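The primary structure of each chain is shown beneath.
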Amino acid sequence: MNVKWLIRSQSVATLAAGMIYPYYLLFLKNLGNSYSKYGLAFAVFTISSAAVSTWLGPRLDKHGTRIMVISSLGMMAAMFAFPWTSSYTLVLLLQLIMGTCNAMQRMSERLLLADSTEFVSRGITIGSYHFWTSIASGFAVILGGLLIDWLTINALFYMSALLYGVSAWVVWRASRASLSRKAEDTITF
Amino acid sequence: MKKTIALLLLIALCVFQYVRTSSPDQDPYLTTDYSRLHPVKVERVVAGKEEEQLVRLVKDAKRKGLKVSIAGQRHSQGGHTYYKDGIVVDMTSYNKIIEVDSDAKRITLQAGATWEDAQKAINRYGLSVKTMQSLNPFTIGGSISINAHGRDIRNGSLISSVDSFRLLTADGQIKNVSRTENAELFPLALGGYGLFGIILDVTLDLTEDEVYRESTLLMDLSDYVDYFQREVLPNPAIKLHIGRISVADDSYFTEALAKNYTVDPSLPLDKYNKLESNEKWVAPGKLLFNLNRSTDWGKKLQWNLQTYVFTRQSDHIISRNNAMRAAYEFMDYSQPGANDQLQEYFVPLDRFDSFARRLGEIVKEDKLNLLNVTIRYVGKDREAMLSYAKDDMLALVCLFNTPLSEQGQRKMKDSVQRMIDEVIAHDGSYYLPYIAYPTLEQFQTIYPNYENFFEQKRMFDENELFMNYFYANYGSGRRIEEVAS
Ligand SMILES: Cc1cc2nc3c(=O)[nH]c(=O)nc-3n(C[C@H](O)[C@H](O)[C@H](O)COP(=O)(O)OP(=O)(O)OC[C@H]3O[C@@H](n4cnc5c(N)ncnc54)[C@H](O)[C@@H]3O)c2cc1C
């Protein structure tokens, strides 16, 4: 995949994540009566993230973009589901799904970055990648705050879900484009 | 280049947000209430947990000469729940249900419990609260301390349904208070604005949960009182009632909605009494209400939608407990530098028309941003020493959106004083939980028992341990500007 599109898609994904993340923490804290319970929700996230990574590792090279698309779609589903959760167990389940998506996103992102960069010029691309995703995250939190002030935290979850959808679509489109380019290249050869 | 622009844009946005949110009402280290006005630094906020802890706290504060203010959900708006450099006792964590006696139709609960907690505890017994506000997030302690009222038109103000309570007084003692025991404290602490001690637990008389048919009529405001007197009051089947006055341009103070809840004994309670959340459409509701705050067409849209939805809902079936938990999250408003402020004026029925007309005129002349007006009925009830229901009264509850700037508030204050002059001219009264803008003279005219009330306050609490800005403003001769600055 073209690195430009990788950066674009992941900036949208970071926008989606950054927009909800700090407010999501508040939302979770309000659910639990104790900080221990709150901590547990996060432990579940990391456990699933870690567990999935060992399974994903060997499959990553072959299915990098697919995994990235699935991670965004999974996050989209989780964001849509959050406002409807009615029990702590369901929250844990969503944390589990989100941990899995997190592993998929982080791993495929690194893979695709590595794939689309080369020794010597790598630093510039990685810098650019980091810059744009961080900027997206900055705009996201400010936008998120405004949105909750005007609407509700639930509206923010839905907005974030839509953005995840967009990022999945961008990755899918970009990977299709690069696939057909590859196919064309083969024909010309 | 692109990067620099993006970075600068983000920095500019942050600076803008910093400036926008740096008004005092947004300072997280200061204490205020629902109004977000007059934020001050308090010594500390203590969560009420145990009886012994509260007794110790009161004795400690007395020894150290600290002031104590009592807070429930802090939905009062005149500094009733805090005082500069004082201790704020936050009662919201003191919220256990102690007992539901379904035979005697009574509930005993800790004062920090909310109506929501109470409703959850009594619903299964087919019981319901007699009198409460239209909404249910308030604490019982905060509600009896201001002697609340709401949609029920048959049970007077809240004080009538209080059976007894236990009061932790300034000397660190706990007193049982009822109409027969320590009876002198009953009409003082109820509607006593936290000045006589910490109400620990309360026993309330309940009534039966019932099934109502909801019906809403659109009418001319000038027909409202007549309608209410002829159709609503004499019909014992109508248990709850609420009116609404249009603030939209084209029907401004000329159209009204009247909503009745009429009991239908033929409908089985168990089919309708599952407690429902009324918070289903918060985001669109909030957006609509924000449009109502900011534009004239938003006000029109709101009124037209309300008329359409409410009149269409006619014959909607609802249990009493569900009718007494109206939606409120759509009103949430956290914009820096501006806020919603409530005002409530009570007038005798025969003075209602003339008062409503004057109110509409003043709001127009003073260019106030009035968001909605509801009408409630309270029967004459003079039990509380600071009683607002001197007669059978109709209350106009007005919600304004106002800038929190000094200039904006000065303007609001002038308007409030103008409106209260009209209240006085119409033999009415105003509600005390709201902002302390009425003048001392206006307060004293409307609440002639004030002298006795404050004398008793100093008798039961000679060191003025229990302190807040309501007392500072109206009981001690000092005004909030001096005290809060
Ligand atoms: C959106 C909105 C709608 C409202 N609607 C209505 C309505 O329909 N009808 C109506 O009557 N009122 C209404 N009110 C006013 C509301 O009832 C009062 O502000 C009420 O006091 C809120 O309860 P609270 O728990 O927030 O009390 P707080 O504001 O926390 O406290 C109110 C007073 O009670 C004292 N107090 C609290 N707990 C105790 C205790 N345990 N012991 C001794 N003193 C105590 C405090 O010191 C303070 O003086 C409304 C207010 C808002 C903001």
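An account of the accompanying structure is given in this report. On a predicted model such as this, the values are computed, not experimentally measured, just so you know.

With that settled, the discussion passes to the overall build of chain A. Helix and strand counts for chain A stand at five helices and zero strands. Across chain A, helices and strands are ordered from the amino to the carboxyl terminus as α-α-α-α-α. For 189 residues, the compact-globule formula gives about 16 Å, and the C-alpha radius of gyration of chain A, at 18 Å, lands near that figure. C-alpha extents for chain A along the principal axes are approximately 65 × 35 × 30 Å.

In terms of helices and strands, chain B carries 16 helices and 17 strands. In terms of overall dimensions, chain B has a C-alpha envelope of 75 × 60 × 50 Å along the principal axes. Taken over 485 residues, chain B has a buried fraction of 58%. Split by element, the accessible area of chain B, about 20,200 Å² in all, is 51% carbon and sulfur.

On to the sheet that holds strand S16 (residues 393–403) of chain B. Residues and elements named next belong to chain B. One open sheet accounts for eight strands, arranged S13-S10-S12-S11-S15-S16-S14-S17; its pairing is antiparallel. Two strands bound the open sheet, and with one partner strand each, they are strand S13 (316–319) and strand S17 (429–430). In this fold helix H6 (residues 221–232) packs onto strand S10 (211–220), strand S11 (238–245), strand S12 (255–263), strand S15 (369–378) and S16, with an angle of close to 145° to the strand it touches most, S10. Each of S11, strand S14 (338–348), S15 and S16 touches helix H11 (residues 352–365); the most contacted strand, S16, lies at about 5° to it.

To continue, consider the site of the ligand. Residues and elements named next belong to chain B. In the vicinity of the ligand lie 35 residues, with Ile70, Gly72, Ser76, His149 and Arg376 positioned nearest. The separation between an oxygen atom of the ligand and a polar main-chain atom of His75 is 2.8 Å. Between Tyr434 and the ligand, the recorded distance is 3.0 Å, taken from a side-chain N or O atom to a nitrogen atom. Starting from 950 Å² of accessible surface for the ligand in isolation, the protein chains cover 98%. Of all elements in the fold, only strand S2 (68–71), helix H4 (140–144) and strand S9 (198–208) reach the threshold of two or more residues within the shell around the ligand. For the shell around the ligand, the class distribution of residues is 16 nonpolar, 17 polar and two charged. Counting contributing residues, the shell around the ligand receives three or more from each of domain 1 (93–208) and domain 2 (211–436).

The next thing to look at is the pairing of S14(B). Residue and element names in this part refer to chain B. In terms of residue burial, S14 counts as a mostly covered element, since ten of its eleven residues are buried. Relative to S16, S14 is paired through eleven bridges, and the arrangement is antiparallel. Within S16, the position partnered with Glu344 by the bridge is Val397. Pairing between S14 and S17: two bridges, direction antiparallel. Paired with Phe346 across the two strands is Ser429, which belongs to S17.

Each regular strand carries side chains that alternate between the two faces of the sheet. All names here are of chain B. When strand S4 (residues 97–101) meets strand S5 (residues 106–110), the two strands line up antiparallel, connected through four bridges. Paired with Val100 across the bridge in S5 is Ile107. Count of turn residues in the S4/S5 antiparallel hairpin: four residues, of which Lys105 carries a positive phi of about 55°.

Here the focus is helix H9 (residues 296–312) of chain B. Residues and elements named next belong to chain B. The end-to-end C-alpha distance of H9, which contains 17 residues, comes to 24 Å, matching closely the 24 Å that a straight helix rising 1.5 Å per residue would cover. Among all positions in H9, only Gly298, Lys299, Gln302, Trp303, Gln306, Thr307 and Phe310 are buried. End-on view of H9: buried residues confined to an arc of 165°, all on one side of the axis. Turned more than 90 degrees away from the buried face of H9 sit Trp297 and Arg312, all of them exposed.

Next up on the list: the sheet that holds strand S3 (residues 87–90) of chain B. Residue and element names in this part refer to chain B. The strand order across the open sheet built from three strands is S1-S3-S2, with neighbouring strands paired in parallel fashion. The strands lining the two open edges of the sheet, one partner per strand, are strand S1 (44–47) and S2. Across the sheet, the mean angle from the axis of one strand to that of its neighbour is 25°, orientation sign disregarded. With four bridges connecting them, S1 and S3 associate as parallel partners. Within the sheet, the bridge partner assigned to Ala47 lies in S3 and is Asp90. Contacting S1, S2 and S3, helix H2 (residues 51–64) runs over the sheet at an angle of about 165° to S3.

The rules behind these values
Residues numbered from 1 in each chain as written. Chains lettered and ligands numbered in written order. Predicted model: local features only at pLDDT ≥ 70, side-chain atom pairs only at ≥ 80, totals over all residues. Heavy atoms only, no water. Helix = DSSP H or I, 4+ residues; strand = E, 2+ residues; numbered from the N terminus. Rg over C-alpha atoms; globule rule 2.2 N^0.38 Å. Buried < 20%, exposed > 50% of the residue type's maximum accessible area, 1.4 Å probe, protein only. Areas by Shrake-Rupley, 256 points an atom, 1.4 Å probe, with all protein chains shown as cover. Pairing = 2+ DSSP bridges. Contact = heavy atoms within 4.5 Å. Axes fitted to C-alpha atoms, helices over the stretch in contact; angles between N-to-C directions. Near = heavy atom within 4 Å. Polar contact = N/O pair within 3.5 Å; in protein donor to acceptor, adjacent residues only side chain to side chain. Nonpolar A, V, L, I, M, F, W, Y, C, P; charged D, E, K, R; others polar. Domains from an automatic or database assignment. Expected span 1.5 Å × (residues − 1). Arc of directions from axis to C-beta.

By themselves, these figures tell us nothing about what the structure is for.
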